[in-house]
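# Structural description and commentary
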Amino acid sequence: MAQDFTVQLAAGRTSSVIFLDGIKALSHRLSSYGSRAVWVFDDNSARLFTSLPEHTVVLPSGEEHKTWASVEKILTAALDAHLSRDSWFIGFGGGVVCDLTALASSLYMRGSRLILVPTTLLCMVDATLGGKSAIDFKGGKNLVGTFWPARDVLITPACLRTLPDAEYMSGMGEVLKHAFLSADHRLYDLLMEKKDAILARDRDVLLELLDLSLHVKASYLERDPEETKGIRQALNLGHTFAHALESIENFTVKHGMAVAWGLSRAMECGVAAGVTPSWIQEKADGLLRFYGYDIDRRIERGRWLDWQAATAKDKKNFSGTINFVLLEDWGRPVLRPLDSALVRSAVIRKA
């Protein structure tokens, strides 16, 4: 059974992950924060409520709305509600909503209190924990943002019951990534042994999946809370490939699907560079295919310049060099530059 836990982050801040058994328990917990709050939904998560709280912002869903304009809407609502610094910003939705709410919260009166309620699997296992907030800017994903952790992250698998299959599988892409970053094989074994229950969204199996996946992420966060040691960057395994694909496709590819594809590309490049053992690539590609991800996708040769332009905006670009996250063993990530020809071979469609 999943247990609540607290993650130690930068500057003495903490985030508590709280598992709740159903919407009724979630509503009871949310009522404990009082009425001095601005609530942020998207037009999907807002449907979970029969009536919305008083001070509410409902944003259009989709990555294309992860902009300054959306942040301004949240800040304007907070000002109109006469919120003070000790009021709450409550983000209720997927990764876009939670990122936008966190960024607005970090800016309002130089920092106000934040609660995040992720309603998608992707957001539960990735976006809410660790304190990153961001918007997309000038075609670059998450280029402008802050570190501002939520005090509480409230998670209930009940929110996943009505999630569309494509969104659910997008979240699973991050879970599969965590399996190879884990210090042990428990998450991988669960994914291999309980596939049917996971895809059926069985409550008990989902709680175990969420608990294991979040603890993998927490183990990296606590060792590198400010992302200064290179440890936390390991969580970006596959993401340099994924973000570039998302960018050149104008964010029409779901993030978790791109991460699954990027994970396979990182494994391929790691083996080619002599860093990753081939058996790990075989395990990764086997698991990705087991869950139905398209890892055979490649981009057309004529888009290579677009690809290079997209990777140039990657946040792991230091002094013109991009360090890719690779695996030198199970649960042992390393940062390495890769030869352009090697990357090109992994992402370009063969003639």
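For the protein, an unreviewed UniProt entry supplies the name 3-dehydroquinate synthase and the organism Candidatus Aphodenecus pullistercoris.

Together, Trp-68, Leu-107, Phe-137 and Leu-143 make up a nonpolar patch on the protein surface, roughly 330 Å² of accessible area in all. Structurally, the position occupied by Trp-68 is in helix 2 (residues 68–80).

Strands sit in the order 1-2-9-6-5-3-4 across an open sheet of seven strands; the sheet is mixed. Edge positions in the sheet fall to strand 1 (5–8) and strand 4 (56–59), since each has one partner strand and no second. For this sheet, the mean inter-axis angle between neighbouring strands, taken without regard to orientation, is 15°. Note: strand 5 (residues 88–93) against strand 6 (residues 113–118), six bridges, orientation parallel. Directly across from Gly-91, in strand 6, lies its bridge partner Leu-116. Taken strand by strand, helix 1 (residues 23–31) contacts strand 2 (14–19), strand 3 (37–42), strand 5, strand 6 and strand 9 (152–155), and its axis lies near 160° from that of strand 9. Against the sheet, helix 2 engages strand 3, strand 4 and strand 5, with an angle of about 165° to strand 4.

Position of Thr-276 among the secondary structure elements: in the loop between helix 10 (255–272) and helix 11 (278–290). Looking at Thr-276, the relative accessible area reads 5%, which means it is buried. Between the alpha carbons of Thr-276 and Glu-328 there is a distance of 4.7 Å; along the sequence they are 52 residues apart. Thr-276 has contacts with Met-267, Gly-270, Val-271, Leu-326 and Leu-327, leaving out every residue within four places of it along the chain. Only 2.6 Å separates the side chain of Thr-276 from the backbone oxygen of Leu-327, close enough to count as a polar contact.

Right, let's talk about the packing of helix 6 (residues 186–193) against helix 11 for a bit. As a packed pair, helix 6 and helix 11 sit with axes 11 Å apart at the nearest point and diverge in direction by 40°. With respect to helix 11, the element helix 6 is oriented oblique. Relative to helix 11, the crossing made by helix 6 is left-handed. Note on element contacts: helix 11 touches helix 6 through Lys-283, Leu-287 and Phe-290, opposite Tyr-188, Leu-191 and Met-192. Counted by class, the contact of helix 6 with helix 11 contains five nonpolar, no polar and one charged residues.

Here the focus is the packing of aromatic side chains. If you walk through the whole model with that rule in mind, you get 12 aromatic pairs. Between the aromatic rings of Phe-241 and Trp-307, the centroid separation amounts to 6.4 Å while the plane-to-plane angle is 40°, which identifies the pairing as tilted. Taken as a pair, Phe-241 in helix 9 (residues 239–248) and Trp-307 in helix 12 (residues 304–312) lie far apart in primary sequence, 66 residues in all. Accessibility expressed as a relative area gives 2% for Trp-307, which makes it buried. Three or more aromatic residues joined by ring pairs make a cluster, and in this case those are Phe-180, Tyr-188, Trp-279 and Trp-330. Across the ring face of Phe-290, the terminal group of Lys-195 is positioned such that the distance to the ring centre comes to 4.3 Å. Note that Arg-201 overlies the ring of Tyr-168, its terminal NZ or CZ placed 4.3 Å from the centroid.

As a further point, take the UniProt feature "domain: 3-dehydroquinate synthase N-terminal" (unreviewed entry) in the protein. With numbering aligned to this structure, UniProt lists the feature "domain: 3-dehydroquinate synthase N-terminal" (unreviewed entry) at residues 57–168. Within residues 57–168, the helical portion is 33% and the strand portion 29%, while the C-alpha atoms at the span's ends are 24 Å from each other.

With their axes 9 Å apart at the nearest point, helix 9 and helix 12 run at an angle of 120° to one another. The pairing of helix 9 with helix 12 is recorded here as oblique in orientation. Handedness of the helix 9/helix 12 crossing: right-handed. Every residue of helix 12 that contacts helix 9 at Phe-241, Ala-244, Leu-245, Ser-247 and Ile-248 is listed here: Asp-306, Trp-307, Ala-310 and Thr-311. Among the residues making up the contact of helix 9 with helix 12, the classes are represented as six nonpolar, two polar and one charged.

To continue, consider the nonpolar core. Side chains of nonpolar character tend, in soluble globular proteins, to be buried together. One finds Met-172, Phe-180, Leu-191, Phe-241, Trp-307 and Val-347 to be the most contacted residues of the largest nonpolar core, which totals 122 residues. Ignoring anything within four residues of it in the chain, the contact list for Leu-191 reads Met-172, Val-175, Leu-176, Ala-179, Ile-198, Leu-209, Leu-287, Phe-290 and Tyr-291.

Attention now goes to the pattern of salt bridges. Scanning the entire structure with this criterion turns up 19 salt bridges. The salt bridge involving Asp-165 is made with Arg-201; its shortest N-O contact spans 2.7 Å. Taken together, the residues span a long stretch of sequence, with Asp-165 in helix 5 (residues 165–181) and Arg-201 in the loop between helix 7 (195–199) and helix 8 (203–223) at a distance of 36 residues. Note on Asp-165: relative accessible area 60%, which makes it exposed. Two residues, Arg-303 and Asp-306, come together in a salt bridge whose shortest N-O distance is 4.0 Å. Here Arg-303 falls in the partly exposed class, since its relative accessible area comes to 25%.

Reading the values: the criteria
Residues numbered from 1 in each chain as written. Predicted model: local features only at pLDDT ≥ 70, side-chain atom pairs only at ≥ 80, totals over all residues. Heavy atoms only, no water. Patch = residues over 30% accessible without salt bridge, like charges linked within 9 Å, V, L, I, M, F, W, Y side chains within 5 Å. Areas by Shrake-Rupley, 256 points an atom, 1.4 Å probe, with all protein chains shown as cover. Salt bridge = Lys/Arg side-chain N within 4 Å of Asp/Glu carboxyl O. Helix = DSSP H or I, 4+ residues; strand = E, 2+ residues; numbered from the N terminus. Pairing = 2+ DSSP bridges. Axes fitted to C-alpha atoms, helices over the stretch in contact; angles between N-to-C directions. Contact = heavy atoms within 4.5 Å. Buried < 20%, exposed > 50% of the residue type's maximum accessible area, 1.4 Å probe, protein only. Polar contact = N/O pair within 3.5 Å; in protein donor to acceptor, adjacent residues only side chain to side chain. Parallel < 35°, antiparallel > 145°, perpendicular 65-115°, else oblique. Left-handed = near helix turned anticlockwise from the far one by under 90°. Nonpolar A, V, L, I, M, F, W, Y, C, P; charged D, E, K, R; others polar. Phe/Tyr/Trp six-rings, centres within 6.5 Å; stacked < 30°, edge-to-face > 60°. Lys NZ or Arg CZ within 6 Å of the ring centre and 35° of its normal. UniProt positions renumbered as here; feature names shortened; annotations may be inferred. Core = buried A, V, L, I, M, F, W, Y, C linked by side-chain atoms within 4.5 Å.

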